[in-house]
Amino acid sequence: IINYAPVIFAEVFYNYNEEEAAKNGEAIASELLNTTIILGVVKFVITTFVLFEVDKLGRRFLLKAGAGTVTVSLFFLALAFSVNLEDVES
């Protein structure tokens, strides 16, 4: 998912269509790349935290917490792709 983060964020939040963009010669906006950089920084911080806390918290707890976090994240990702948001004018 990390490798495709710019496209995923564009599709979910900005109605980006990769096929249409390829036809028009458009690229992904720099805001989406900034979001990917932030995602990478968060990943680095969490990994660093786990490396230093593995002795205190234990491997089993960190494994269960990580599996739970991945499960919840994938659930919300699937939910985001399945919901069709349309522009509602007031």
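Residues numbered from 1 in each chain as written. Predicted model: local features only at pLDDT ≥ 70, side-chain atom pairs only at ≥ 80, totals over all residues. Heavy atoms only, no water.

A. Quick peek at a nonpolar patch on the surface. Taken together, the side chains of Ile 38, Val 42, Ile 46, Phe 49, Val 50, Leu 57 and Phe 61 make up a nonpolar region of the molecular surface, amounting to roughly 630 Å² of accessible area. Per-element tally for the nonpolar patch: the top contributor is helix α3 (residues 30-57), with six residues. Considering the arrangement of structural elements, one finds Val 50 in helix α3. (Patch = residues over 30% accessible without salt bridge, like charges linked within 9 Å, V, L, I, M, F, W, Y side chains within 5 Å. Areas by Shrake-Rupley, 256 points an atom, 1.4 Å probe, with all protein chains shown as cover. Salt bridge = Lys/Arg side-chain N within 4 Å of Asp/Glu carboxyl O. Helix = DSSP H or I, 4+ residues; strand = E, 2+ residues; numbered from the N terminus.)

B. The pattern of salt bridges, seen in detail. A complete count under the given rule lists one salt bridge for this structure. Between Lys 56 and Glu 53 there is a salt bridge, with the nearest N and O atoms lying 3.8 Å from each other. Of this pair, Lys 56 and Glu 53 both sit in helix α3, separated by three residues, roughly a single helical turn. By relative accessible area, which is 18% here, Glu 53 ends up buried. (Buried < 20%, exposed > 50% of the residue type's maximum accessible area, 1.4 Å probe, protein only.)

C. The environment of Asn 3, seen in detail. In this fold, Asn 3 is placed in the segment before α1 (5-14). Each C-alpha atom, one on Asn 3 and one on Thr 36, is 9.0 Å from the other, the two residues being 33 residues apart in sequence.

D. Up close: the environment of Leu 77. When you line up the elements, Leu 77 lands in helix α4 (residues 59-82). When its relative accessible area of 22% is taken as the criterion, Leu 77 is described as partly exposed. Between the C-alpha atoms of Leu 77 and Ile 8, which are 69 residues apart in sequence, the distance is 9.3 Å.

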